[in-house]
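Residue-level structure breakdown
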Amino acid sequence: NGELLAVGDNSGAIRVWDTALRKEVYRIGPLAMPVESLAWSTDGKTIYSGDARGFRGAHDPESEKTVGAWQPLRSGKEAWGIAVRRDGVIATGGLDPEIVIEGIPGRSEPLRLPAGDGTHALAFSADGTLLFSGNCETVRAWDTQDWSVRWEYKPPDCLYALAPAPDGKKMLAS
(Lines give C-alpha, C1' and ligand atoms only; values in the text may rest on other atoms or scores of the structure.)
Protein backbone atom coordinates (compact mmCIF):
# COMPACT_ATOMS: atom_id res chain seq x y z
CA ASN A 1 0.00 0.00 0.00
CA GLY A 2 3.06 2.26 -0.14
CA GLU A 3 3.27 3.01 3.57
CA LEU A 4 6.74 1.49 3.95
CA LEU A 5 9.64 1.89 1.55
CA ALA A 6 12.66 -0.42 1.85
CA VAL A 7 15.95 0.92 0.44
CA GLY A 8 19.20 -1.03 0.20
CA ASP A 9 22.51 0.77 -0.08
CA ASN A 10 26.21 0.30 -0.81
CA SER A 11 27.07 0.11 2.89
CA GLY A 12 25.00 -3.10 3.09
CA ALA A 13 22.23 -1.51 5.14
CA ILE A 14 18.53 -1.92 4.47
CA ARG A 15 16.57 1.10 5.66
CA VAL A 16 12.80 1.02 5.97
CA TRP A 17 11.05 4.37 5.71
CA ASP A 18 7.52 5.26 6.79
CA THR A 19 6.36 7.33 3.83
CA ALA A 20 3.62 9.16 5.77
CA LEU A 21 5.94 10.15 8.62
CA ARG A 22 8.85 10.70 6.20
CA LYS A 23 11.35 9.05 8.48
CA GLU A 24 13.35 5.88 8.87
CA VAL A 25 11.58 3.42 11.16
CA TYR A 26 13.74 0.28 10.85
CA ARG A 27 17.34 -0.45 9.88
CA ILE A 28 18.83 -3.85 9.14
CA GLY A 29 22.58 -4.20 8.99
CA PRO A 30 24.86 -3.11 7.59
CA LEU A 31 25.21 -6.53 6.01
CA ALA A 32 28.54 -7.89 4.76
CA MET A 33 28.18 -6.60 1.19
CA PRO A 34 26.33 -3.89 -0.76
CA VAL A 35 22.63 -4.56 -1.31
CA GLU A 36 21.94 -5.19 -5.02
CA SER A 37 18.21 -6.05 -4.93
CA LEU A 38 15.19 -6.13 -2.61
CA ALA A 39 11.71 -7.67 -2.60
CA TRP A 40 8.96 -7.75 0.02
CA SER A 41 7.25 -11.04 0.83
CA THR A 42 3.61 -11.02 -0.18
CA ASP A 43 2.49 -10.71 3.45
CA GLY A 44 4.79 -7.71 3.93
CA LYS A 45 6.55 -9.24 6.94
CA THR A 46 9.85 -10.23 5.32
CA ILE A 47 12.30 -8.39 3.09
CA TYR A 48 14.45 -10.51 0.78
CA SER A 49 17.78 -9.06 -0.32
CA GLY A 50 20.40 -9.98 -2.88
CA ASP A 51 23.96 -8.86 -2.37
CA ALA A 52 27.18 -8.39 -4.30
CA ARG A 53 28.32 -11.99 -3.50
CA GLY A 54 25.16 -13.65 -4.81
CA PHE A 55 23.79 -14.27 -1.32
CA ARG A 56 20.14 -13.82 -0.58
CA GLY A 57 18.96 -12.85 2.86
CA ALA A 58 15.59 -12.92 4.58
CA HIS A 59 15.07 -10.08 7.04
CA ASP A 60 12.44 -9.19 9.63
CA PRO A 61 12.16 -5.39 9.57
CA GLU A 62 10.33 -5.12 12.91
CA SER A 63 13.06 -6.96 14.84
CA GLU A 64 15.74 -5.48 12.55
CA LYS A 65 17.28 -8.95 12.26
CA THR A 66 18.37 -11.23 9.44
CA VAL A 67 16.42 -14.47 9.81
CA GLY A 68 18.07 -16.46 7.03
CA ALA A 69 20.82 -16.29 4.43
CA TRP A 70 21.81 -18.62 1.61
CA GLN A 71 23.58 -18.56 -1.75
CA PRO A 72 21.28 -19.62 -4.60
CA LEU A 73 23.66 -18.29 -7.28
CA ARG A 74 26.57 -20.61 -8.02
CA SER A 75 29.16 -18.03 -9.05
CA GLY A 76 29.22 -16.01 -5.86
CA LYS A 77 28.62 -12.87 -7.92
CA GLU A 78 25.95 -10.18 -7.77
CA ALA A 79 22.29 -11.01 -7.16
CA TRP A 80 20.69 -8.21 -9.19
CA GLY A 81 17.07 -9.31 -9.22
CA ILE A 82 14.63 -10.92 -6.79
CA ALA A 83 10.92 -11.50 -7.26
CA VAL A 84 8.44 -13.13 -4.86
CA ARG A 85 5.19 -14.72 -6.03
CA ARG A 86 2.04 -14.69 -3.88
CA ASP A 87 2.54 -18.33 -2.85
CA GLY A 88 6.12 -17.69 -1.68
CA VAL A 89 7.99 -18.92 -4.77
CA ILE A 90 11.18 -16.83 -5.05
CA ALA A 91 13.15 -16.10 -8.22
CA THR A 92 16.73 -14.83 -8.01
CA GLY A 93 18.97 -13.74 -10.86
CA GLY A 94 22.19 -11.85 -11.32
CA LEU A 95 25.53 -12.20 -12.98
CA ASP A 96 25.09 -16.00 -13.25
CA PRO A 97 23.79 -17.27 -16.59
CA GLU A 98 20.73 -18.72 -14.82
CA ILE A 99 17.66 -17.72 -12.86
CA VAL A 100 17.12 -19.76 -9.68
CA ILE A 101 13.51 -20.55 -8.72
CA GLU A 102 12.96 -21.81 -5.16
CA GLY A 103 9.89 -22.89 -3.24
CA ILE A 104 7.98 -24.41 -6.16
CA PRO A 105 5.19 -26.57 -4.66
CA GLY A 106 6.03 -30.27 -4.99
CA ARG A 107 9.68 -29.64 -5.88
CA SER A 108 12.49 -29.97 -3.34
CA GLU A 109 15.40 -28.76 -5.50
CA PRO A 110 15.65 -25.29 -7.03
CA LEU A 111 14.78 -24.94 -10.70
CA ARG A 112 17.46 -23.25 -12.80
CA LEU A 113 16.37 -21.43 -15.96
CA PRO A 114 18.86 -20.28 -18.63
CA ALA A 115 19.52 -16.55 -18.49
CA GLY A 116 22.23 -15.97 -21.09
CA ASP A 117 24.07 -12.79 -20.12
CA GLY A 118 22.70 -12.79 -16.57
CA THR A 119 19.54 -11.20 -15.19
CA HIS A 120 19.14 -7.54 -14.27
CA ALA A 121 15.45 -7.59 -13.36
CA LEU A 122 12.74 -10.07 -12.37
CA ALA A 123 9.02 -9.66 -11.76
CA PHE A 124 6.03 -11.98 -11.44
CA SER A 125 2.73 -11.07 -13.08
CA ALA A 126 -0.01 -10.10 -10.62
CA ASP A 127 -1.74 -13.45 -11.08
CA GLY A 128 1.58 -15.36 -10.77
CA THR A 129 1.23 -17.15 -14.11
CA LEU A 130 4.26 -15.43 -15.66
CA LEU A 131 7.79 -14.62 -14.54
CA PHE A 132 9.40 -11.78 -16.49
CA SER A 133 13.20 -11.57 -16.77
CA GLY A 134 15.32 -8.90 -18.41
CA ASN A 135 18.94 -8.14 -19.23
CA CYS A 136 20.96 -6.53 -22.02
CA GLU A 137 19.98 -9.20 -24.55
CA THR A 138 16.39 -10.25 -23.94
CA VAL A 139 13.17 -9.71 -22.04
CA ARG A 140 11.38 -13.02 -21.52
CA ALA A 141 8.01 -14.09 -20.19
CA TRP A 142 8.24 -17.53 -18.57
CA ASP A 143 5.05 -19.58 -18.13
CA THR A 144 5.13 -20.65 -14.46
CA GLN A 145 3.12 -23.84 -15.12
CA ASP A 146 5.89 -25.55 -17.11
CA TRP A 147 8.60 -22.82 -17.02
CA SER A 148 8.72 -22.57 -20.81
CA VAL A 149 9.32 -19.26 -22.59
CA ARG A 150 5.96 -17.81 -23.64
CA TRP A 151 7.50 -14.85 -25.51
CA GLU A 152 10.73 -12.89 -25.77
CA TYR A 153 11.75 -9.46 -26.97
CA LYS A 154 15.17 -8.15 -27.99
CA PRO A 155 15.52 -4.68 -26.40
CA PRO A 156 17.59 -1.98 -28.10
CA ASP A 157 19.55 -1.44 -24.87
CA CYS A 158 20.11 -2.98 -21.43
CA LEU A 159 17.12 -3.26 -19.12
CA TYR A 160 17.40 -2.89 -15.36
CA ALA A 161 13.78 -2.71 -14.20
CA LEU A 162 10.55 -4.53 -15.06
CA ALA A 163 7.07 -3.70 -13.78
CA PRO A 164 4.03 -5.62 -14.98
CA ALA A 165 0.69 -3.81 -14.76
CA PRO A 166 -1.93 -5.26 -12.37
CA ASP A 167 -4.23 -6.10 -15.29
CA GLY A 168 -1.60 -8.46 -16.73
CA LYS A 169 -1.82 -6.86 -20.18
CA LYS A 170 0.96 -4.29 -19.99
CA MET A 171 4.60 -4.15 -18.95
CA LEU A 172 7.05 -1.37 -18.18
CA ALA A 173 10.75 -1.95 -18.83
CA SER A 174 13.67 0.43 -18.52
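Just so you know, these numbers come straight off a predicted model, no measurement behind them.

Description of the packing of aromatic side chains
All told, the structure shown has 1 aromatic pair when counted by the stated rule. Centroid distance Phe132 to Trp151: 6.0 Å. Interplanar angle 45 degrees. Geometry classified as tilted. Separated by 19 residues along the polypeptide, Phe132 in strand E13 (residues 130-134) and Trp151 in strand E15 (residues 149-153) bring together distant segments of the chain.

A few points about a nonpolar patch on the surface
Residues Leu5, Val7 and Trp17 make up a contiguous nonpolar surface patch of about 230 Å² in total accessible area. Its location among the elements puts Val7 in strand E1 (residues 4-8).

Considering unusual backbone geometry
Most peptide bonds take the trans configuration, and most residues that are not glycine carry a negative phi. Cis geometry marks the peptide bond from Gly29 to Pro30; its omega dihedral reads 25 degrees. Position of Pro30 relative to the elements: it lies in the loop between strand E3 (23-28) and strand E4 (35-40). Positive phi, normally seen in glycine, also occurs at Arg22, with a value near 60 degrees. Among the structural elements, Arg22 can be located in the loop between strand E2 (14-18) and E3.

Looking at the pattern of salt bridges
Across all of its chains, the model carries 11 salt bridges by this definition. Of the charged contacts, one joins Arg15 and Asp9 as a salt bridge, the two residues approaching to 3.0 Å between their closest N and O atoms. On the basis of relative accessibility, which here comes to 19%, the residue Asp9 falls in the buried class. For Asp143, the salt bridge goes to Arg150, with nearest N and O atoms at 3.0 Å. With relative accessibility at 47%, the residue Arg150 sits in the partly exposed group. Connected through shared salt-bridge partners, Asp9, Arg15, Glu24 and Arg27 make up one network.

Rules used throughout
Residues numbered from 1 in each chain as written. Predicted model: local features only at pLDDT ≥ 70, side-chain atom pairs only at ≥ 80, totals over all residues. Heavy atoms only, no water. Phe/Tyr/Trp six-rings, centres within 6.5 Å; stacked < 30°, edge-to-face > 60°. Helix = DSSP H or I, 4+ residues; strand = E, 2+ residues; numbered from the N terminus. Patch = residues over 30% accessible without salt bridge, like charges linked within 9 Å, V, L, I, M, F, W, Y side chains within 5 Å. Areas by Shrake-Rupley, 256 points an atom, 1.4 Å probe, with all protein chains shown as cover. Salt bridge = Lys/Arg side-chain N within 4 Å of Asp/Glu carboxyl O. Buried < 20%, exposed > 50% of the residue type's maximum accessible area, 1.4 Å probe, protein only.

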